[in-house]
Amino acid sequence: VAASASGRAARLLEAVENVSELLELQWLQEDGTEDAGSAPLEVSCNITMRPTYELLLKPMETLLECEPRAVGFFEVDGEVPLQWLVDHPEMRHAFRNVGLMTTKASLLAARSALANTRRFAIASSGQSVQRTQRGRVARRTEPEEKQGRSLAFVSNKKIKPSCTMRGIPSHKDACSLRKLLAFYFQPFNLQHNRVLLSLVEDLRRSEATGKAGKKGPGSKGHLRSLGQRPIFRLQDICALPRVQRTFDRYTPEVASALLAAALQEPGATPVPVRIHHKREAHEPRGAWGLTDPMMELTYVPKLRFVESVDPTRPEVVALTACGPNADQPLAALPSNVCVVVSYSVSSDLSDASSPKAESLVQKLSETAGIGPENFSWETRQPKIFRQLSLHGPDVICLQGIQSVGFAQRCSENESDYGWFVDEAAPANHLAQLYQQLAQGNYGAFFAPTLKLPVSGDLCLGNVVFWKRSRYCLHRSQALGTAGACVELGSRQGGPPLVVCSAKSAAVYARDWADAATDEAIVSSFEDAQAALMDWMLEAVSDETQPLFCGDFGVDTRTLVQGLSSCPYSSTLPLAWKSAQASVLGEDAQATCLLADGSCRCSDIILHDTGLEALATFGPFRETPDLVEFFQTGYPSDHILQMALFVRRGM
């Protein structure tokens, strides 16, 4: 910086100071050496770009300390998923500023940056961030008028809105609220919304136990048709954050008018809820004047509920309860339990070259008006993710997932890491789903089963996901082509597990209208069971328990009898039992819906006597047919299975 250009130099220095987070000044003395302090304009200086880790570290630390979702991760899991941090909009902007455009490059840069801070550290898995002794997390401070409000809305106290608008609801807010209600109360969304489902569970228990000492249905509960048509109060739907923000603009006196305007707009598309017209004698007849309006569904929903051997056990209560706020929608599970989900996602429905897609999609398009766009992976994946994340499971076993390349893949291996975060593979259903689940801190191991016909490099296989904050991976291996197997050690005192996710080529043959016999299907899993037994003998812990999850193509009785009669089973006899039978006393009649209107029970979670099943998903009140299932919004022809386990004796 020359003295003759002092005016321009001053303006330049001022501009550099305004972007000090990107640039830094290095003052130089006359001999060219660096000067520690600020020097007069007669002394020259260098303007340099700050190191990449400095540019990334400040926004990272700010997010980890102050972002409500990050605080929720630390409070529940003790660590923040690195994938969530990298995908945050503020971090994406920071990565673009330093020229990092791919997810893999961003993840590597994030690890490098976090190595230069004393407040946080990368976990041993390399996929999450933990606090150090110097780490500090700022707790959220709710506004005074919002304190006491939770997702479960346990308090009936009226809360003063954050701002007050005029007494007449605006047309824009009424239309916005109508769209929200139409979305939330669709059958699929009602089943998979943690807030609404928790309210329905509470109303169902209220109906079952009765009030004022009455027992059984028929008491003064808030459900009709023996507990199948729930009624929601205004304060219940305000537990939904987007609905709450709309009502917060009005005083409580105007809330009823806003709800009435949203539900009674003439000429609008019907919504699946209506005002519940049960009034006392002194109350006004118009919906606008109700002080405590209630809504009821316009249809009788076919819902699945969590059934348990003892609903009062704290493990079961935590499974169905809501979290404290929108940033922690799930309640923290006790450390001694394990929640397992098994789901056959039928990726081949999204591939026009698969035999199932050719027959099923065409039939549904002709008979039910369900177009091919409803079977695209872009449409199905968000719904599958909602189903999988509803109860925050520790282990997820998926079958029929599409991958690219007939090879085993593990997210914990550096050689496979770039493959999982590759953003240029639209046909890679596994990698796309992993990127979503990784934001919840899940790892994955995939084993292929068979190649799709006329598809080149595409294949179908089995995958096991596990939550890294609760389980660590000891080893992983494909069990032939029938299953993917992992050995997991608990990080919080839960039961160590050997988990197998299985679906063999023989089951695909039955799915694709091949006449595969039950004996051929059962025998296709014998080698997988033998390998599972070997793993049990070689397990790291003597307390390791086996789980055999999958789409087995046959019912539980046929499968268990066939597996128990194979010669290898005498080496380490396993007393297989399905989780549904352990809780409900019998297996479900339908877990897979077929195009001809029939169904079969082939999706099963098997456990041994070392694990006790405390809860599981019950069956639908009425088994839907396949057309109704897809019209309702479900993304697969299979029904998801879930079970809550605890080690027996704990």
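None of the values given here were measured: they were computed from a predicted structure.

**Focus on the overall build of the protein**
Of the regular secondary structure elements, the protein holds 23 helices and 28 strands. Evaluated residue by residue, the protein yields a buried proportion of 53% over its 650 residues. Within the structure as shown, the protein displays about 28400 Å² of accessible surface, and the carbon and sulfur contribution to it stands at 50%.

**So, the pattern of salt bridges**
Throughout the structure, instances matching the rule amount to 22 salt bridges. Between aspartate 511 and lysine 503 there is a salt bridge, with the nearest N and O atoms lying 2.8 Å from each other. When its relative accessible area of 16% is taken as the criterion, aspartate 511 is described as buried. Classification of lysine 503 by relative accessible area gives buried; the value is 1%. It is possible to trace a salt-bridge network through shared partners that takes in Lys302, Arg621, Glu622 and Glu628.

**Describing the packing of aromatic side chains**
For the structure shown, the criterion picks out 15 aromatic pairs. Feature note: the residues Phe188, Phe620, Phe629 and Tyr634 constitute an aromatic cluster, connected by ring pairs. Lying across the ring of phenylalanine 188, lysine 383 places its NZ or CZ 5.8 Å from the centre. Here the guanidinium or amino end of arginine 475 rests over the ring plane of tryptophan 535, the centre of that ring lying 4.2 Å away.

**A closer look at unusual backbone geometry**
One non-glycine residue, serine 346, adopts positive backbone phi at about 50°. As for its position among the elements, serine 346 is in the loop between strand S14 (337–344) and helix H14 (355–367). Judged by relative accessible area, which is 1%, serine 346 ranks as buried. Unlike most non-glycine residues, asparagine 441 shows phi in positive territory, near 70°. Note on placement: asparagine 441 falls in the loop between helix H17 (429–437) and strand S17 (442–451).

**Some details on helix H21 (residues 556–564)**
Turning to H21, its buried residues number three or more, namely Thr556, Leu559, Val560, Gly562 and Leu563. The buried residues of H21 occupy one face: seen down the axis, they fall within an arc of 165°. Contacts made by the buried residues of H21 are with helix H19 (518–523), helix H20 (526–537), strand S22 (545–551), strand S23 (577–578) and strand S26 (603–607). Looking at where H21 begins, the residue whose side-chain oxygen comes 3.2 Å from the main-chain nitrogen of arginine 557 is aspartate 555.

**A short note on the packing of helix H7 (residues 171–184) against helix H12 (residues 252–263)**
Relative orientation and spacing of two packed helices are given, respectively, by the angle between their axes and the distance between those axes. As a packed pair, H7 and H12 sit with axes 8 Å apart at the nearest point and diverge in direction by 70°. In terms of orientation, H7 and H12 fall into the roughly perpendicular class. Read as a crossing pair, H7 and H12 show a hand that is right-handed. Listed contacts from H12 to Asp173, Ala174, Leu177, Arg178 and Leu181 of H7 are Leu258, Leu259, Ala261, Ala262 and Leu263. Its residues placed into classes, the contact of H7 with H12 shows 8 nonpolar, no polar and 2 charged.

**A look at the side chain of serine 469**
Position of serine 469 among the secondary structure elements: in the loop between strand S18 (458–467) and strand S19 (471–479). Judged by relative accessible area, serine 469 falls into the buried class, the value being 4%. Filtering out sequence-adjacent residues up to four positions away, serine 469 remains in contact with Asp77, Glu79, Asn441, Arg491 and Gln492.

**Some thoughts on the state of the cysteines**
Two cysteines form a disulfide when their sulfur atoms are joined by a covalent bond. Counted under the stated rule, the structure contains 0 disulfides. Free of any disulfide, cysteine 500 has its nearest cysteine sulfur in cysteine 485, 5.2 Å distant. On the accessibility criterion, cysteine 500 (0% relative accessible area) is buried.

**Here's the deal with the nonpolar core**
Leu388, Leu398 and Phe465 are the most contacted members of the largest nonpolar core, which has 38 residues in total. The contact partners of leucine 398, leaving out residues within four places of it in the chain, are Tyr343, Val345, Leu388, Leu433, Gly461, Asn462, Val463, Phe465 and Ser501. In this structure, Leu180, Phe185, Ile237 and Leu297 belong to the second largest nonpolar core, which totals 37 residues.

**Brief notes about the pairing of strand S15 (residues 395–404)**
Among the 10 residues that make up S15, 9 are buried, leaving the element largely enclosed by the rest of the structure. Inspection of the sheet shows S15 paired to S18 by 9 bridges, in the antiparallel sense. Residue leucine 398 lies in a different strand from S18, and its bridge partner there is valine 463.

**A few points about the sheet that holds S19**
To summarise the sheet geometry, strands pair through backbone hydrogen bonds and adopt either a parallel or an antiparallel arrangement. Strands sit in the order S19-S20-S21-S22-S26-S23 across an open sheet of 6 strands; the sheet is mixed. The open sheet has two edge strands, S19 and S23, and neither has a second partner. Bridge count between S19 and strand S20 (residues 483–490): 8 bridges; the pairing is antiparallel. Bridging across to S20, tyrosine 471 finds its partner in serine 490. The strands touched by H20 are S19, S20, strand S21 (497–502) and S22; relative to S19, the strand with the most contacts, the crossing angle is about 145°.

**Remarks on the pairing of strand S8 (residues 229–233)**
With respect to burial, S8 is a largely interior element, 4 of its 5 residues being buried. Judged from the 3 bridges that link them, S8 and strand S10 (residues 294–297) form a sheet pairing that is antiparallel. Directly across from isoleucine 231, in S10, lies its bridge partner glutamate 296.

The rules behind each value
Residues numbered from 1 in each chain as written. Predicted model: local features only at pLDDT ≥ 70, side-chain atom pairs only at ≥ 80, totals over all residues. Heavy atoms only, no water. Helix = DSSP H or I, 4+ residues; strand = E, 2+ residues; numbered from the N terminus. Buried < 20%, exposed > 50% of the residue type's maximum accessible area, 1.4 Å probe, protein only. Areas by Shrake-Rupley, 256 points an atom, 1.4 Å probe, with all protein chains shown as cover. Salt bridge = Lys/Arg side-chain N within 4 Å of Asp/Glu carboxyl O. Phe/Tyr/Trp six-rings, centres within 6.5 Å; stacked < 30°, edge-to-face > 60°. Lys NZ or Arg CZ within 6 Å of the ring centre and 35° of its normal. Arc of directions from axis to C-beta. Contact = heavy atoms within 4.5 Å. Polar contact = N/O pair within 3.5 Å; in protein donor to acceptor, adjacent residues only side chain to side chain. Axes fitted to C-alpha atoms, helices over the stretch in contact; angles between N-to-C directions. Parallel < 35°, antiparallel > 145°, perpendicular 65-115°, else oblique. Left-handed = near helix turned anticlockwise from the far one by under 90°. Nonpolar A, V, L, I, M, F, W, Y, C, P; charged D, E, K, R; others polar. Disulfide = S-S within 2.5 Å. Core = buried A, V, L, I, M, F, W, Y, C linked by side-chain atoms within 4.5 Å. Pairing = 2+ DSSP bridges.

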